[in-house]
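Structural description and commentary
Letter by letter, the chains look like this.
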Amino acid sequence: MTVTENAPAPSAALPPLAARTRSIGGSPVRDILAVTARPEVINFAGGLPAPELFDAEGIAAAYRDVLAEVPARALQYSTTEGEPVLRAALAARTSVRGLDTDADDILVTTGSQQALSLLATALLEPGDTVLVESPCYLAALQAFGFAGARVVAVPGDEDGIDPEALAELVLRERPKLLYTVPTFQNPTGRTMPAARRAAVAEVAGRCGLWIVEDDPYGELRFEGERVPWIASYDGARDRTVLLGSFSKVMAPGLRLGWLRGPAELRRACAVAKQAADLHTPTVNQLAAARYLADRDLDAHVTRVAATYGARRDAMLAGLADALPAGSAWTRPEGGMFLWARLPERYDTTALLPGVVRHDVAYVPGAPFHAGEPDRATLRLCFVTQTPDEIAEGLRRLGEGLRAASRES
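These lines cover the structure that appears in this document, whether it is placed above or below. (Residues numbered from 1 in each chain as written. Predicted model: local features only at pLDDT ≥ 70, side-chain atom pairs only at ≥ 80, totals over all residues. Heavy atoms only, no water.)

Remarks on the overall build of the protein
For the record, the criterion: Only DSSP runs of H or I reaching four residues or more are called helices, and only runs of E reaching two or more are called strands; each is numbered from the N terminus. Only C-alpha atoms enter the radius of gyration, while the globule expectation follows 2.2 Å times N to the 0.38, with N the number of residues. In this scheme, a residue with accessible area under 20% of its type's maximum is buried, one over 50% is exposed, and one in between is partly exposed, where area comes from a 1.4 Å probe on protein chains only. Contact between two residues is taken to exist if any of their heavy atoms lie within 4.5 Å; hydrogens are not considered.
Along the backbone of the protein there are 14 helices and 15 strands. The C-alpha radius of gyration computed for the protein amounts to 23 Å, which stays within 12% of the reference 22 Å derived for 408 residues, consistent with globular compactness. C-alpha extents for the protein along the principal axes are approximately 90 × 60 × 55 Å. With 408 residues in all, the protein has 54% of them scored as buried. Taking the contacts inside the protein whose residues are at least 6 apart along the sequence as the reference set, 74% of them involve residues at least 24 apart.

Quick look at the sheet that holds strand β9 (residues 240-245)
We apply this condition: Paired strands are those between which DSSP finds at least two bridges. Under this scheme, a helix contributes an axis fitted over its contacting stretch, all axes are lines through C-alpha atoms, and angles between N-to-C directions fall in the 0 to 180 degree range.
What the seven strands build is an open sheet, ordered β2-β10-β9-β8-β7-β3-β4; its pairing is mixed. The two strands at the open ends of the sheet, each matched to only one other strand, are β2 (106-109) and β4 (150-153). Strand-to-strand twist of the sheet, defined as the mean angle between neighbouring strand axes without regard to direction, takes the value 20°. Across the sheet, helix α8 (residues 163-173) is in contact with β3 (129-132), β4 and β7 (177-180); its angle to β3 comes to roughly 170°.

Examining the nonpolar core
Keep this limit in mind: Buried residues of nine kinds, namely Ala, Val, Leu, Ile, Met, Phe, Trp, Tyr and Cys, make up a nonpolar core once their side-chain atoms join them within 4.5 Å.
Counting 97 residues, the largest nonpolar core has F144, Y179 and F246 as the members making the most contacts within it. With nine residues, helix α12 (residues 297-322) is the largest single contributor of residues to this core. Filtering out sequence-adjacent residues up to four positions away, F246 remains in contact with L86, L90, A251, L256, W258, A288, L292 and L297. Core analysis: the next-biggest nonpolar cluster, separate from the first, contains 21 residues, L169, V170, V203 and A204 among them.

Brief notes about the packing of helix α3 (residues 56-69) against helix α11 (residues 282-294)
Each pair of packed helices can be summarised by the angle the axes make with each other and by the distance between the axes. Rule in force here: Definitions for this section: a left-handed crossing has its near helix turned counterclockwise from the far helix by less than a right angle. A right-handed crossing has that turn clockwise. Each residue is assigned to one class: nonpolar for Ala, Val, Leu, Ile, Met, Phe, Trp, Tyr, Cys and Pro, charged for Asp, Glu, Lys and Arg, and polar for all the others, Gly among them.
Viewed as axis vectors pointing N to C, α3 and α11 meet at an angle of 115°, and their least axial separation amounts to 8 Å. The element α3 and its partner α11 pack so that their crossing is right-handed. Taking contact as the criterion, the partners of G58, I59, A62, Y63, D65, V66, L67 and E69 in α3 are, on α11, V283, N284, L286, A287, R290, Y291 and D294. Residue composition of the contact of α3 with α11, grouped by class: nine nonpolar, two polar and four charged.

Re the packing of aromatic side chains
Think of a pair of aromatic rings as described by two things: how far the centres are apart, and how the planes are tilted against each other in angle. Under the convention used in this document: Classification of ring pairs rests on two measures: the distance between centres of Phe, Tyr or Trp rings, Trp counted by its six-membered ring, which must be within 6.5 Å, and the angle between planes, read as stacked under 30 degrees, edge-to-face over 60 and tilted in between.
Tallied over the full model, the rule gives five aromatic pairs. Ring centres of Y217 and F337 lie 5.8 Å apart, and the angle between their planes is 85°; on these two criteria the pair is classed as edge-to-face. Linking Y217 in the loop between β8 (210-214) and β9 with F337 in strand β12 (residues 337-341), this pair joins segments that are 120 residues apart in sequence. For the pair shown, Y217 and F337 are each scored as buried.

As for the pattern of salt bridges
Put simply, the rule reads: Within this document, salt bridges are pairs made up of a side-chain nitrogen of Lys or Arg and a carboxyl oxygen of Asp or Glu, the two lying within 4 Å of each other.
Counted according to the given criterion, the structure contains 30 salt bridges. Two residues, R239 and D238, come together in a salt bridge whose shortest N-O distance is 2.8 Å. Given a relative accessible area of 48%, D238 falls into the partly exposed group. The closest approach of N and O atoms between K273 and D277, which form a salt bridge, is 3.0 Å. Given the relative accessible area of 0%, K273 is considered buried. With relative accessibility at 26%, the residue D277 sits in the partly exposed group.

Quick notes on the sheet that holds strand β15 (residues 377-381)
With antiparallel pairing, four strands are arranged side by side in an open sheet as β11-β12-β15-β14. The two strands at the open ends of the sheet, each matched to only one other strand, are β11 (328-329) and β14 (363-364). Where β11 meets β12, two bridges bridge the pair, whose relative direction is antiparallel. By the bridge assignment, W329 is partnered in β12 with A340.

Details of helix α10 (residues 263-276)
For clarity, the cut-off: By this rule the span expected of a helix is its residue count minus one, scaled by 1.5 Å. Within this analysis, the arc is defined by the directions that extend from the helix axis to the C-beta atoms.
Between the first and last C-alpha of α10 there are 20 Å, a value that for 14 residues agrees with the 20 Å anticipated at 1.5 Å per step. Within α10, burial applies to L265, R266, C269, A270, A272 and K273. Taken end-on, α10 shows its buried residues confined to a sector of 165°, consistent with a single buried face. Exposed side of α10, more than 90 degrees from the buried face: E264, R267, V271 and A275 are the residues found there. Residues of α10 that are buried sit in contact with β2, α6 (112-123), β8, β9 and β10 (257-260). Once α10 ends, the next one or two residues include L278, with phi positive near 65°.

Shown next, in the form of structure tokens:
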């Protein structure tokens, strides 16, 4: 007798992924970091704080103290809004900087990037319009794109958003919100002057517009005077959400951010957070609060900013030799990034693979644009490497650009 094995039944196709996962690409910065992970590459592409400047001992001590003194609380679930002791400390720091804030005004988030996702969930319906700077922080474009928003760039100049153009777009497009990084912007490093901020606040009040003011870099000032938050201006007080983060001033691995905003919107974001992760890790919050109580974070930030300022100067000193004749670049007063524009004939996306062969990397500028991209632009991060490494990286960048442009 012959035994015939039954052939396996054909598998049915799985339902497709959500359309938004196909229409919204990954982060070009993350993609570049993946292909430039070789240790010999001098990487100006990432937005990575200098790890040798982390106060590892101070942060470790804060964790040890919290786990020794309140282990049950530190390892337990917490409230969605955040640990009261951390919210109080954040409110105090915000108030000292010119914006009266109570602990109840703060929602602690798992990095300020989560705050963007929560705001997109709380504010946006598919098809709603969001206004952004041009160029704009990449992950904000991702967050709004994932929410199904229509993202429109506001024209601007070296001082940021043009208030008159903003007013015209608000009337024409009826957007839900404006997203801006007004201080040491990512990717350009530019800072919006006080008069421009007041004008933006006036437009928001007059025309009816939420403002999301993202401020992850504001404490990293090397020179010049601090500019008040947009949220502090009368026209914007009841409609601005201010985002903050410990990623650039304490350590990004803590994944601690926060938003300060009007009560109704803050409550909506808390509900969205409950659906996302219930709450930000308790032990991280308590350790950060302990660090703020026991250590002088402001003094630490001053030391970090001084080092970053020297690294910015090292990059500025070498750019003229590294970039083609006719290039231009920003001179940020703080933060982590500067923005360069090469002559019109250059395409920095097309040139990047050839440049990487010289063991150096940058981020092409095209993905930072919500509208028509400027393909001759690029972003450079100046904080991760030492001045000597920056000089060598710029030497390689110059060689790489010259070689790649000859090949193209």
